[in-house]
Amino acid sequence: MKHLWLPWHWPIWALFGAGWCVARLPLGLQYRVGRLIARVFFSLVPRRKAIIRVNLQLAFPELSPSQRDELTRSTIDEFSRSMVETLFVWFRGVRTLLERVNVSGLEHLSNHEHSQGTILLGAHFASLDLCGTAVSQISPFQITYRDIKNPVANQFAVNCRRRAYEKLYLATELKTVVNELRDGKTVWIATDQDMGTRKATCFAPFFGVKVSTITTPFRLARLTGARVVLMTHTRNNEERTWDVELLPIELSKLAAPECYVADATNVNRVIEQVIRSQPAQYFWVHRRFKTMANGQRRDYRFKEFKSRD
């Protein structure tokens, strides 16, 4: 790990040092600092803001341009709160905030007969790290993850998450995940990432647009007999509380591969319902509609348009 301390990595270490300082402030002040930083960042890096605007055009075509502009600003503000919360959890833990996290459906994570494993589906709602860590303190589970490109940020994130969860596995370590599920463990898997046209994907509707949707969780459920539970979470900004809901997902009884499209459609529909209740509290900063059904990549340079493909 000595190479992570080489001079060209010092700027990212300096950012984490600043993050440590921000995490020591009162939470309300942290939010204000985070909001200021986020607005400056998105002004200086317009392509990131363009991603949000294109996503919102596709998801909410019924909104006027001015309404989408307002939703864009709200999304940036909510994103800044999420980043502040992540730093808070990484540097200070979640214990002081646990009483503010309301969890419903926790019985769906408890062990059932025959030590049946559980696939905990996650989506990129706001407060992902805070709510995920809070639930893991109540009912421990393991997680899968993908490496961050920056090696310092990746190592830092892995070390912090190791303190919060039972075990961490790269998303490619499927054989180990299968064994853990067969042993009755609960494993968290992100379900709303665009993985292109890879074998373990299908195209399912999401806000009326067919998007690349991961089918790995449904394949693992078939293989191991694990049950599937979706974790959703929203933030109450006025009360500074968080609501987590654990929803059991009934899988299709159809034979593969059609069943995976049905399951993906069902899960996307539930995720969409939650987003519509708090549209700014979703990570629209990632290119959820990146891969089109014809296999081509969507142009994420912002421009107003009237129709969707």
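These numbers come from a predicted model, not from an experiment. (Residues numbered from 1 in each chain as written. Predicted model: local features only at pLDDT ≥ 70, side-chain atom pairs only at ≥ 80, totals over all residues. Heavy atoms only, no water.)

**Quick look at the overall build of the protein**
This is how the line gets drawn: Note on conventions: DSSP H or I runs of at least 4 residues are helices, E runs of at least 2 residues are strands, and numbering of each starts at the N terminus. As a reference, a globule follows 2.2 Å times the number of residues to the power 0.38, and the radius of gyration itself is taken over C-alpha atoms. With a 1.4 Å probe rolled over the protein chains alone, any residue whose accessible area is under 20% of its type maximum counts as buried; one over 50% counts as exposed, and the rest are partly exposed.
A count of helices and strands for the protein gives 9 helices and 9 strands. In terms of C-alpha radius of gyration, the protein reaches 19 Å, essentially the compact-globule figure of 19 Å for 309 residues. Seen through its C-alpha atoms, the protein measures out along the principal axes to roughly 50 × 45 × 40 Å. Within the protein, buried positions represent 51% of all 309 residues.

**Quick word on the pairing of strand β8 (residues 227-236)**
Put simply, the rule reads: Criterion used throughout: strands pair if DSSP finds at least two bridges between them.
With 9 of 10 residues buried, β8 lies mostly within the body of the structure. Inspection of the sheet shows strand β2 (residues 118-122) paired to β8 by 5 bridges, in the parallel sense. Bridge pairing in β8 places leucine 121 opposite leucine 230. The sheet contact formed by β8 and strand β9 (residues 241-249) spans 9 bridges and is antiparallel. Note that in β9 the partner of valine 228 across the bridge is isoleucine 249. Between the end of β8 and the start of β9, which pair antiparallel, lie 4 residues, with arginine 240 showing a positive phi angle near 55°.

**What to know about the pairing of strand β3 (residues 142-145)**
For a regular strand, side chains alternate in direction, first toward one face of the sheet and then toward the other. The cut-off we apply is this: Here the term right-handed applies to a crossover when the path leading from its first strand over the helix to its second strand runs clockwise, the strands being oriented away from the viewer.
Neither face of β3 is open: one carries Gln142 and Thr144, the other Ile143 and Tyr145, and all of them are buried. Direction of pairing for β3 relative to strand β5 (residues 186-190): parallel, over a ladder of 2 bridges. What sits directly across from glutamine 142, in β5, is valine 187. Here β3 runs beside strand β4 (residues 168-170); their pairing, made up of 3 bridges, is parallel. Each residue of the ladder has a partner; that of tyrosine 145, found in β4, is leucine 170. Handedness of the β3-helix α6 (residues 151-164)-β4 crossover: right-handed.

**Looking at the packing of helix α2 (residues 27-44) against helix α4 (residues 65-92)**
Convention followed: Simply put, an axis is a line fit to the C-alpha atoms, just over the touching stretch for a helix, and the angle between two N-to-C directions goes from 0 to 180 degrees. Any angle that falls under 35 degrees is termed roughly parallel, while one over 145 is termed roughly antiparallel, one within 65 to 115 roughly perpendicular, and all others oblique. Left-handed is the label given to a crossing in which the near helix is rotated counterclockwise from the far helix by less than a right angle, and right-handed is the label when the rotation is clockwise. Residue contacts follow a heavy-atom distance rule, with two residues in contact if any of their heavy atoms lie within 4.5 Å. Classification used: nonpolar for Ala, Val, Leu, Ile, Met, Phe, Trp, Tyr, Cys and Pro, charged for Asp, Glu, Lys and Arg, polar for all others including Gly.
Between α2 and α4, the shortest axis-to-axis distance is 8 Å and the interhelical angle comes to 125°. Comparing their axes, α4 and α2 come out oblique. The two elements α2 and α4 meet at a crossing, and its hand is right-handed. Between α2 and α4, the contacting residues are Leu27, Gln30, Tyr31, Gly34, Arg35, Ala38, Arg39 and Phe42 on the first element and Arg73, Ile76, Asp77, Phe79, Ser80, Arg81, Val84, Glu85, Phe88 and Arg92 on the second. Residues belonging to the contact of α2 with α4 are distributed by class as follows: 8 nonpolar, 3 polar and 7 charged.

**Digging into the nonpolar core**
The line we're drawing: Buried Ala, Val, Leu, Ile, Met, Phe, Trp, Tyr and Cys residues form a nonpolar core when they are joined through side-chain atoms within 4.5 Å.
Counting residues in hydrophobic clusters, the biggest one holds 50 residues, and the most contacted among them are Ile119, Phe206, Ile271, Ile275, Trp284 and Phe289. Top contributing element to this core by residue count: helix α9 (residues 258-277), with 8 residues. Dropping the residues within four chain positions of it, phenylalanine 289 is found in contact with Asn55, Leu58, Ala59, Asp194, Phe206, Val209, Val211, Trp284, Arg298 and Tyr300.

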